[in-house]
Amino acid sequence: MEKLLFQSDDYGISDAVSDGIIKGIKEGIIRNTGLFVNMPSSLRAANMIKDIKGINVGIDINLVAGRPVSDTKLVPHLVDENGHFISSGQRMKNGKILGVNGLEIIFEEDPYVYEETLLETENQVKRFIELMGRKPDYFHPHSLMTNNTERCAIEIAKKYGILRSVDVMKSANIYSIPCDWTPKPFPLADQMNTDVENNFLKALSLSLDHKIGYFICHCGHVDADLLSETTYTLIRTKDLACALSDKVKKFLSDNNIELVTYSDIKGEL
């Protein structure tokens with residue numbers, strides 16, 4: 001492996017997660033992160049990261065945590081009675097799942113109404129531009145992909161000229177490093193017992209024959225705001241420890257692996 005695109009998602013979901021990712025950028029190997037634009041901590045997160053050089057900041061299109069950017073009256077099928085996005089767990093519990101097609105979950109009836117999802121997806125891109133003063137470096141789905149969310153992503157990414165992470169993952173020149181230690185659901189006891197650093201090093205060592213490796217994780221600290229939005233919590237502290245790990249840095253150095261961004265590998269697609 002010559003290059004590694006190391007990505008930490010969910011930047012801006014809470015202050016603690018944002019602080020952890022900033023630490024992972026400044027002291028560790030994170031070079032790509034996606035901003036949540038609809039959370040109370042989004043503005044603070046944007047202000048902390050917008051002037052950091054040498055990284056890519058994309059957008060994580062989030063339809064499952066917090067409240068929508070759009071007027072809730074315009075996206076009634078995306079929210080619950082309190083105007084909060086319906087969680088991915090609830091979507092999967094309520095809907096009949098027929099199967100999986102790549103990254104997409106196939107429901108008997110797609111829970112994401114196309115017109116509402118398209119509106120919210122574009123409004124989140126517009127909010128990113130307001131917060132960051134520029135377009136996202138890349139476009140990334142969060143948590144749950146269906147046919148309709150993918151159709152909306154394709155349309156809005158094309159409209160704004162934004163590289164989609166899904167297209168990178170599908171590229172024949174990019175190898176998605178397997179991550180088989182983060183099941184859904186992921187009970188807290190299992191999160192506590194998971195050795196992320198060792199798992200990642202093993203996965204890296206088995207991926208050395210590929211020119212460009214691609215890896216996504218979810219670094220961060222934990223706070224009450226995070227606990228109120230997701231069950232994916234304690235494992236973030238282990239992802240962050242892995243991103244800061246001297247053993248991981250040494251492995252990359254010993255194998256002459258360069259840390260890269262989406263911008264760095266556009267020519268490889």
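Residues numbered from 1 in each chain as written. Predicted model: local features only at pLDDT ≥ 70, side-chain atom pairs only at ≥ 80, totals over all residues. Heavy atoms only, no water.

1. What about the layout of surface pockets?
Its volume calculated, the largest pocket comes out at about 1,400 Å³. For the largest pocket, the lining is made up of 42 residues, of which Ser143, Leu144, Thr182, Lys184 and His218 are closest to its centre. For the lining of the largest pocket, the secondary-structure elements that each account for two or more residues are strand E1 (3–11), helix H3 (88–94), strand E6 (139–141), strand E8 (212–217) and helix H10 (235–244). Here the element with the most residues in the lining of the largest pocket is E8; it accounts for four residues. Considering only residue class, the lining of the largest pocket consists of 23 nonpolar, 13 polar and six charged. (1 Å grid on protein atoms, 1.4 Å probe; cavity = no way out; pocket = protein on both sides within 12 Å on 5 of 7 lines; lining within 4 Å. Points joined across faces, edges and corners; volume = space filled by probe spheres on them. Helix = DSSP H or I, 4+ residues; strand = E, 2+ residues; numbered from the N terminus. Nonpolar A, V, L, I, M, F, W, Y, C, P; charged D, E, K, R; others polar.)

2. Points about the pairing of E8
Look at any regular strand and the pattern is simple: side chains alternate between the two faces of the sheet. For E8, the buried fraction is high: five of the six residues fall into the buried class. Summarising the sheet, E1 and E8 pair through six bridges and their orientation is parallel. When the sheet's bridge partners are listed, leucine 4 is paired in E8 with glycine 213. (Buried < 20%, exposed > 50% of the residue type's maximum accessible area, 1.4 Å probe, protein only. Pairing = 2+ DSSP bridges.)

3. Here we look at helix H11 (residues 246–254)
Among all positions in H11, only Val248, Phe251 and Leu252 are buried. Taken end-on, H11 shows its buried residues confined to a sector of 95°, consistent with a single buried face. Exposed residues on H11 whose side chains face more than 90 degrees from its buried face are Asp246, Lys247, Lys250 and Ser253. Lining the buried residues of H11 we find E1, helix H8 (196–205), H10 and strand E9 (258–260). Where H11 begins, the side chain of serine 245 points an oxygen toward the backbone nitrogen of lysine 247, at a separation of 3.1 Å. Directly after H11, the chain includes asparagine 256, whose backbone phi takes a positive value near 55°. (Arc of directions from axis to C-beta. Contact = heavy atoms within 4.5 Å. Polar contact = N/O pair within 3.5 Å; in protein donor to acceptor, adjacent residues only side chain to side chain.)

4. Structural notes on the pattern of salt bridges
Taken as a whole and judged by the stated rule, the model has 14 salt bridges. Among the ionic pairs, lysine 211 bridges to glutamate 268, the shortest N-O distance being 3.6 Å. Of this pair, lysine 211 sits in the loop between H8 and E8 while glutamate 268 sits in the segment after helix H12 (262–265), and the two are 57 residues apart along the sequence. The class for lysine 211 is partly exposed, based on a relative accessible area of 40%. A cluster of three or more residues bridged by salt bridges with shared partners is formed by Lys3, Lys211 and Glu268. (Salt bridge = Lys/Arg side-chain N within 4 Å of Asp/Glu carboxyl O.)

5. Observations concerning the side chain of glutamine 191
When you line up the elements, glutamine 191 lands in helix H7 (residues 188–193). A polar side-chain atom of glutamine 191 sits 3.0 Å from the main-chain amide nitrogen of leucine 234. Discounting chain neighbours no more than four positions away, the residues touching glutamine 191 are Phe186, Thr231, Tyr232, Thr233, Leu234, Ile235 and Lys238.

6. A short note on the packing of H8 against H10
At their nearest, the axes of H8 and H10 sit 8 Å apart, and the two run at 55° to each other. Relative to H10, the element H8 is oriented oblique. Our pair here, H8 against H10, has a crossing hand that is right-handed. Mapping the contact onto sequence places Val196, Glu197 and Phe200 in H8 and Ile235, Lys238, Asp239 and Cys242 in H10. Split by residue class, the contact of H8 with H10 holds four nonpolar, no polar and three charged. (Axes fitted to C-alpha atoms, helices over the stretch in contact; angles between N-to-C directions. Parallel < 35°, antiparallel > 145°, perpendicular 65-115°, else oblique. Left-handed = near helix turned anticlockwise from the far one by under 90°.)

7. A word on H8
Those residues of H8 that sit buried are Val196, Phe200, Leu201, Ala203 and Leu204. Projected down its long axis, H8 carries its buried residues within an arc of 160°, all on one side. Here the buried face of H8 lies against E1, E8, H10 and H11.

8. A few points about the nonpolar core
Counting residues in each nonpolar core, the largest one holds 68 residues, and the members touching the most others are Leu4, Phe6, Leu35, Phe139 and Phe200. Apart from residues lying up to four places away in sequence, phenylalanine 200 is in contact with Leu4, Phe6, Ile29, Trp181, Phe215, Cys242 and Val248. In terms of nonpolar packing, the next biggest core, distinct from the first, is built from 10 residues, Tyr138, Val168, Tyr214 and Val260 among them. (Core = buried A, V, L, I, M, F, W, Y, C linked by side-chain atoms within 4.5 Å.)

9. A word on the pairing of strand E2 (residues 32–35)
Where burial is concerned, the two faces of E2 agree: the one with Asn32 and Gly34 and the one with Thr33 and Leu35 are both buried. As paired strands, E1 and E2 are joined by three bridges and run parallel to one another. Pairing of tyrosine 11 across the sheet is with leucine 35, part of E2. Of the crossover connections in this fold, the one passing from E1 over helix H1 (residues 15–27) to the parallel E2 is right-handed. Where E2 lies against strand E3 (residues 56–61), four bridges are found, and the strand directions are parallel. Bridge pairing links leucine 35 to isoleucine 59 in E3. Handedness of the E2-helix H2 (residues 42–49)-E3 crossover: right-handed. (Right-handed = clockwise from strand over helix to strand, strands pointing away.)

Spatial relationships are all this shows, so hold off on functional conclusions.
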